[in-house]
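# Structural description and commentary
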Amino acid sequence: MYINGEWIQSSQRFPVFNPANGELIGDVADGDRQNAATAIAAAAEALPSWSAQTAYERSAALYRAHQLMMERRPALGELMTREQGKPLKAALNEVKYAADFLLWFAEEAKRVYGETIPSGRSDQRFLVHKQPVGVVAAITPWNYPISMLTRKIAPALAAGCTVVLKPAESTPLCAVAVFEILEEAGIPAGVVNLVTAADPSPIGQEFCTNPAVKKLTFTGSTAVGKKLAQDAAPQLKRVSMELGGHAPFIVFDDADPVHAAKGVSLVKFLNAGQACISPNRIFVQRPLLEPFLETLQELIGRMRAGDGMDSANSIGPLINQAAVDKVDLQVRNAVELGATVHSGGQRLTEEGLERGFFYAPTLLSNVNPDMLIYREETFGPVAPVIAFDEEDDVLAMANDTNYGLAAYIYTQNLSRAMRTFEGLQFGIIGINDINPTSAAAPFGGMKESGLGREGAREGIEEYLETKLGGFSI
Ligand code: ADP
């Protein structure tokens, strides 16, 4: 743990395993609620001096962190592949994405503008001023174990806040590596604090109830996010929530089915489907169904599952046994209720894969609303395809979910693209595009996918309070 500028060891430790082969790769301090309280106190003490630094000074620290992260990109990528499982190339991409947030918010730090507003009274002036919300508590997931940290820490620091972060228990080593960078970048003691723990619940309790914490930012499952938002409500703490998704991917009959199938093959199987923006219902207009399925099946046939350190492998392991069980349950349920399996459909256990948590890239068709997979987030390498006939029908089906994070549309018809873009109740929409994410673009969900936006100009607003001055002159 890193608290008040010191690395804290503990006799209580917990192990970290490689999900590709079950090997022990390290252990970290198992923090408790008292450690969280100590870290919050350190962050509260560091707040006045950090927020009093000029935006230029805070920006300079973030620039240094960006530079260090880019220098260490190869080592960070390898660590991520061993700890989280995604193929090395994807891990290196994530490190770049993570560094992008440091750079973006190093720039945005200098653009925290206020405004003056004309008053109806000639003797009055209104001045609107932005100031940091205060101590921020952050909880991050394992699926993007470096970029989800910088997406919160960088804007918080840029705004002048101080931070206590609890990473996911599956990926604490990546978090330690990020905090080593922040320390070396010269961020003062107490400004950023890391509490690792095997049991997240007591740390979450402290974050939600300690009066010094003014803002809670969370990325993870909708169930945990709702619980934390409830626990933080009595003190009306500010909350940002990046939660689950159930992305529709709509292929209209004027699209190129081969191009659309390639798109699905790239975005669906990224990180073995363990992404909140992963397509979870692929709607294909009936005339394109056959060529679409044929192409996707062929592309899936070329995918190889295995340890992400081997560049021949494009499908890494799932994070743990529970993840495999969940995917397997959804696939078996779909098959029982009439789905057709074109590829995959089972856990992979040959050639040593049984030591890890590998699930075969899977293609299902004839998926219908009675199936679990139609409603529940899968977080695995399964592409469920549903045929549709009319544009109005598909819009209603796509919106028929409590989630509202990402959606994708494939069409060459501009009016249809615009109508669908406007009609979809999702926060992030790719139009003939499978990667609508960037540090410069607002990321976040509608409905039960979350509250607030990360990245972009909006990202720093989440860490700022608006203060109005009414001056009589
Ligand atoms: P996932 O299903 O992706 O693992 P979780 O929501 O369980 O999603 O985990 C996301 C983050 O939330 C992790 O850092 C995890 O430790 C944390 N977390 C899970 N349960 C709790 C809890 N009760 N209180 C605080 N944090 C929690």
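Look a little higher up for the structure.
Scope of this entry: the structure provided in the associated data block. (Residues numbered from 1 in each chain as written. Predicted model: local features only at pLDDT ≥ 70, side-chain atom pairs only at ≥ 80, totals over all residues. Heavy atoms only, no water.)

## Description of the overall build of the protein
Put simply, the test is: Starting at the N terminus, helices and strands are each numbered in turn, a helix being any DSSP run of H or I of at least four residues and a strand any DSSP run of E of at least two. Atoms considered for the radius of gyration are the C-alpha atoms alone. The globule rule reads 2.2 Å times the number of residues to the power 0.38. The cut-offs for exposure are 20% and 50% of the maximum accessible area for each residue type, with area from a 1.4 Å probe on protein chains only; residues under the lower value are buried, those over the upper are exposed, and the others partly exposed. By the convention used here, residues are in contact when the closest approach between their heavy atoms is within 4.5 Å. For the purpose of counting charges, residues Lys and Arg are taken to be positive, whereas Asp and Glu are taken to be negative. His and the chain ends are not included. To locate a charge, take atom NZ for lysine, CZ for arginine, CG for aspartate or CD for glutamate.
On a plain count of helices and strands, the protein comes out with 15 helices and 20 strands. Since a compact globule built from 473 residues should have a radius of gyration of about 23 Å, the 23 Å found for the protein is in line with a globular shape. Overall, the C-alpha framework of the protein stretches about 70 × 65 × 40 Å when taken along its three principal axes. Sorting the 473 residues of the protein into buried and exposed places 55% on the buried side. In the protein, the proportion of contacts linking residues at least 24 apart, taken out of those at least 6 apart, comes to 73%. Computing the positive centroid from 41 side-chain charges and the negative centroid from 55, the protein places the two 5 Å apart.

## Some points on the nonpolar core
Stated formally: In this description, a nonpolar core means a group of buried Ala, Val, Leu, Ile, Met, Phe, Trp, Tyr and Cys residues linked to one another through side-chain atoms lying within 4.5 Å.
Counting 66 residues, the largest nonpolar core has Val-251 and Phe-292 as its most contacted members. Residues within four places of Phe-292 in sequence aside, it is in contact with Val-251, Pro-257, Ala-260, Ala-261, Val-264, Ile-282, Val-284 and Val-385. Listed in part, the 60 residues of the second largest apolar core include Tyr-2, Tyr-144, Ala-175 and Val-192.

## Side note on the sheet that holds strand 14 (residues 340-343)
Selection rule: Pairing between strands is defined by DSSP: at least two bridges between them are needed. Only the contacting stretch of a helix is used when fitting its axis, a line to C-alpha atoms as for every element, and angles between N-to-C directions run 0 to 180 degrees.
Read across the open sheet, the seven strands follow the order 14-15-16-13-12-17-18; overall the sheet is mixed. Unpaired on one side and paired on the other, strand 14 and strand 18 (428-431) mark the two borders of the sheet. Going from strand to strand, the sheet's axes swing by 20° on average, the running direction of each strand aside.

## Overview of the pairing of strand 6 (residues 124-132)
Residues in a regular strand project their side chains so that they alternate between the two faces of the sheet. For strand 5 (residues 115-117) and strand 6, the ladder comprises three bridges, and the chain directions are antiparallel. Residue pairing in the sheet places Glu-115 in a bridge with Val-128 of strand 6. Once strand 5 ends, the chain turns through six residues before running back antiparallel as strand 6.

## Examining the packing of aromatic side chains
The relation between two aromatic rings is expressed through the spacing of the ring centres and the mutual angle of the planes. What counts, and what does not: We call Phe, Tyr and Trp rings a pair once their centres come within 6.5 Å, taking the six-membered ring for Trp, and we label the pair stacked below 30 degrees between planes, edge-to-face above 60, and tilted otherwise. Whether a charge sits over a ring comes down to the Lys NZ or Arg CZ being within 6 Å of the ring centre and within 35 degrees of the ring normal.
Evaluated as defined, the whole model comprises eight aromatic pairs. Between the aromatic rings of Tyr-2 and Trp-7, the centroid separation amounts to 4.7 Å while the plane-to-plane angle is 40°, which identifies the pairing as tilted. Tyr-2 sits in the buried class, given a relative accessible area of 3%. Looking at Trp-7, the relative accessible area reads 31%, which means it is partly exposed. Residues Trp-142 and Phe-379 carry aromatic rings whose centres are separated by 5.8 Å and whose planes lie at 85° to one another, so their mutual orientation is edge-to-face. Of the two residues, Trp-142 sits in the loop between strand 7 (135-139) and helix 5 (147-159) while Phe-379 sits in the loop between helix 12 (372-375) and strand 16 (382-388), which places them 237 residues apart along the sequence. Take Phe-379: its relative accessible area is 19%, and that puts it in the buried class. An aromatic cluster of three or more residues is present, and its members are Tyr-2, Trp-7 and Phe-179. We note Lys-86 situated over the ring of Tyr-144; from NZ or CZ to the ring centre the distance is 4.2 Å.

## Here's the deal with a nonpolar patch on the surface
Rules: Patches draw on residues past 30% relative accessible area with no salt bridge. Two like charges within 9 Å are joined, as are two nonpolar side chains (Val, Leu, Ile, Met, Phe, Trp, Tyr) within 5 Å. For the area figures, the Shrake-Rupley method with a 1.4 Å probe applies, and any residue is considered shielded solely by the protein chains shown. Whenever a carboxyl oxygen of Asp or Glu lies within 4 Å of a side-chain nitrogen of Lys or Arg, that contact is scored as a salt bridge.
A surface patch of nonpolar side chains, about 310 Å² in accessible area, is lined by Leu-127, Phe-471 and Ile-473. Looking at the secondary structure, you find Leu-127 in strand 6.

The values reported here are purely geometric and, on their own, carry no functional implication.
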